[in-house]
Amino acid sequence: MSLFPLPGRVLGRATALACAVLVLEHVLAPQVFAGSPANELDTSLYPRKAAEIRAMLQLLAPDRNVGANVQNAYIGRLKQYRYICGVPYEDIQWDNQLAVLAQKAALVCAKLNKMTHTPEKPAGMSDEDYDLAKKGAGQSNLFQGRVHPVSCVDGWMDDSDDKNIDRVGHRRWCLNPGMLKTAFGTEGGFAAMHAHDHSRQSVPDWDFVACPARGYMPAELFGKRQAWSVSPNMGKYAPPKKDGVQVSIKPANEKCEPAGAALKLDYFNVENGGFGSGAAIIFRPEGLNLAADARYLVEITGLANKNGQPATIRYLVHFINLQKVPDSPESSVIYTTYLQNRFKAAKGLSDKVEQLEALNGLAEDKFLSLADPAVATAVRTSLAELLKDPALRKEQEAAQRYKIIADFEQKAGKKKDKLVQAALGYRDLAEAFKGTRAGQRAAEDFERLKKAAQ
């Protein structure tokens, strides 16, 4: 499994629609309380089991959900980080109006050839576009470089360069519990994520948001020189003060007991600006070990609750290598719930061709074999019923042939002779399967490749 996939090509709008339905129970991490050492079954230290995390991150991977396009590659990566850090993730929505603001923000940065949240008006830009760009830039995370969505989100979550470590503001916006809507835009080597949304009406109770996350933390999603950050819930805590807060990070043994001296911090700050949910305590340890099963006990003292009483935050970070986490009954439950919801969504489609495409997508899902066998049986039975209809059998054959050609085109890259072969394949498919959905897509792809070759 790769947590860093690039977008690929997928078949069918209905498959995308069905994949969009992911109704898994979300549980915010409970507060960590001081007490006797706990083992890894203690949910106060480990909100989720490692196999659950591995399964969910695979299902949320940017090359899967709702089609492999830019929007969903971005949303998928953001969901992975939000899931790991224990903030609402399932229903994060792409908003088209916010997308306009993000796109204009990226555009103005490209025209000015710099990142700025307060852009001056570039020569030649209309007043209307500038107003949108200025508003978008002031409400967005900005990025310069390789503007693939995964790279952008990873960069915003890192946020540990000299210009950003004092506030890790991009990260705090990405992990804002109150976020519900967002969008992403690119222009040239610049990208923008609309980040200032607080429209979630009901935010589950939470105590603090930590990155790296408490409990099991995939080392694949964190770097040795990245800052650590903790954002207390400002509905429960008084604003922290830099001269009063102290942070300790100690190595821990298998019993989650301290097993060495506290790591030296080479950076520390407390920032009470309005990024994300509010205040953040930011620190970075020296000598961090990201090897699998490296454990650290974090203790933050010098805090106060809203009543002025002393408060302490304690939690465990246990780094894991997801490649070494085996599947288990816990991961099977995750796969089963996910696929059951996709199956229910597919069966609910009134258009039989879309239903066929959605069920085909389920039948080909690599995680079907890891779920309850009853799910695969239900998928096969439903497909067999649909394929009793000759018109749907023709749609099925067309879809299968289209997938072969689409895969061939993807592998062709920029090789002109291969792209010509793909174009001819699309043309022949369109002629042989007129009236089918895949035939129509093939006709459109033929015209696309023909135009590109001119």
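Notes on the structure follow. (Residues numbered from 1 in each chain as written. Predicted model: local features only at pLDDT ≥ 70, side-chain atom pairs only at ≥ 80, totals over all residues. Heavy atoms only, no water.)

This paragraph deals with the overall build of the chain. A tally of regular secondary structure across the chain gives 13 helices and twelve strands. Across the 454 residues in the chain, those meeting the buried criterion constitute 52%. Look at the contacts in the chain between residues 6 or more apart in sequence, and 69% of them connect residues 24 or more apart. On the chain, roughly 20800 Å² of surface is accessible, and the fraction owed to carbon and sulfur atoms is 51%. (Helix = DSSP H or I, 4+ residues; strand = E, 2+ residues; numbered from the N terminus. Buried < 20%, exposed > 50% of the residue type's maximum accessible area, 1.4 Å probe, protein only. Contact = heavy atoms within 4.5 Å. Areas by Shrake-Rupley, 256 points an atom, 1.4 Å probe, with all protein chains shown as cover.)

Counted by the stated rule, this structure contains 23 salt bridges. In this structure, the salt-bridge partner of D327 is R54, at a minimum N-O distance of 2.8 Å. Separated by 273 residues along the polypeptide, D327 in the loop between β12 (310-320) and α8 (329-347) and R54 in helix α2 (residues 50-59) bring together distant segments of the chain. A relative accessible area of 36% means that D327 is categorised as partly exposed. One salt-bridge network, in which partners are shared between bridges, spans R225, D266 and R284. (Salt bridge = Lys/Arg side-chain N within 4 Å of Asp/Glu carboxyl O.)

This next bit is on empty space enclosed by the protein. Considering all chains together, one arrives at three cavities of 30 Å³ or more under this definition. Quantified by volume, the second largest cavity comes out at close to 60 Å³. When contributions to the lining of the second largest cavity are tallied by element, the ones reaching two or more residues are α7 (169-174) and β7 (228-232). (1 Å grid on protein atoms, 1.4 Å probe; cavity = no way out; pocket = protein on both sides within 12 Å on 5 of 7 lines; lining within 4 Å. Points joined across faces, edges and corners; volume = space filled by probe spheres on them.)

Turning to the nonpolar core, a few remarks are in order. Within the largest apolar cluster, 93 residues are counted, with the highest numbers of intra-cluster contacts made by I84, W156, W228, F283, I300 and Y315. Once residues lying within four places of it in the same chain are set aside, the contact partners of W156 are Y74, N141, L142, F143, H170, R171, C174, F184, A191, A192 and M193. (Core = buried A, V, L, I, M, F, W, Y, C linked by side-chain atoms within 4.5 Å.)

To continue, consider the sheet that holds strand β5 (residues 208-211). With respect to topology, four strands assemble into an open sheet ordered β5-β7-β10-β9, the strand pairing being antiparallel. Looking at which strands have only one partner, the edges of the open sheet turn out to be β5 and β9 (265-271). Direction aside, the axes of adjacent strands within the sheet are offset by 10° on average. (Pairing = 2+ DSSP bridges. Axes fitted to C-alpha atoms, helices over the stretch in contact; angles between N-to-C directions.)

Spatially, four strands are ordered β6-β12-β11-β8 in an open sheet, and the strand pairing comes out mixed. Across the chains shown, the open sheet's two edge strands, defined by having one partner strand only, are β6 (215-218) and β8 (246-252). Direction aside, the axes of adjacent strands within the sheet are offset by 30° on average. Relative to β12, β6 is paired through four bridges, and the arrangement is parallel. Bridge pairing links M217 to F319 in β12.

Position of A452 among the secondary structure elements: in helix α13 (residues 437-453). Note: C-alpha distance between A452 and L419 (33 residues apart in sequence) is 9.9 Å.

So, on to the state of the cysteines. Across all of its chains, the model carries zero disulfides by this definition. Counting only cysteine sulfurs, C211 is the nearest neighbor of C174, a cysteine outside any disulfide, at a range of 9.9 Å. (Disulfide = S-S within 2.5 Å.)

For the rest of this paragraph, the subject is the packing of aromatic side chains. Applying the stated criterion to the full structure yields 15 aromatic pairs. Aromatic pair Y74 and W94: ring centres 6.3 Å apart, planes at 75°, arrangement edge-to-face. Of the two residues, Y74 is situated in helix α3 (residues 70-84) and W94 in strand β1 (residues 93-94); the sequence distance between them amounts to 20 residues. According to the relative accessible area criterion, Y74 is buried, its value standing at 0%. On the numbers, 5.2 Å between centres and 75° between planes, the contact of Y83 with Y89 is edge-to-face. (Phe/Tyr/Trp six-rings, centres within 6.5 Å; stacked < 30°, edge-to-face > 60°.)

Now for the packing of α8 against helix α9 (residues 352-363). Two elements in contact, α8 and α9, have axes separated by 9 Å at closest approach and are oriented at 165°. It follows from the interaxial angle that α8 and α9 lie roughly antiparallel. For the crossing formed where α8 meets α9, the hand is left-handed. Within the contact between the two elements, α8 uses L339, R342, F343, A346 and K347 and α9 uses Q355, A358, L359, G361 and L362. Grouping the constituent residues of the contact of α8 with α9 by class yields six nonpolar, two polar and two charged. (Parallel < 35°, antiparallel > 145°, perpendicular 65-115°, else oblique. Left-handed = near helix turned anticlockwise from the far one by under 90°. Nonpolar A, V, L, I, M, F, W, Y, C, P; charged D, E, K, R; others polar.)

Keep in mind that these numbers describe shape and distance, not what the molecule does.
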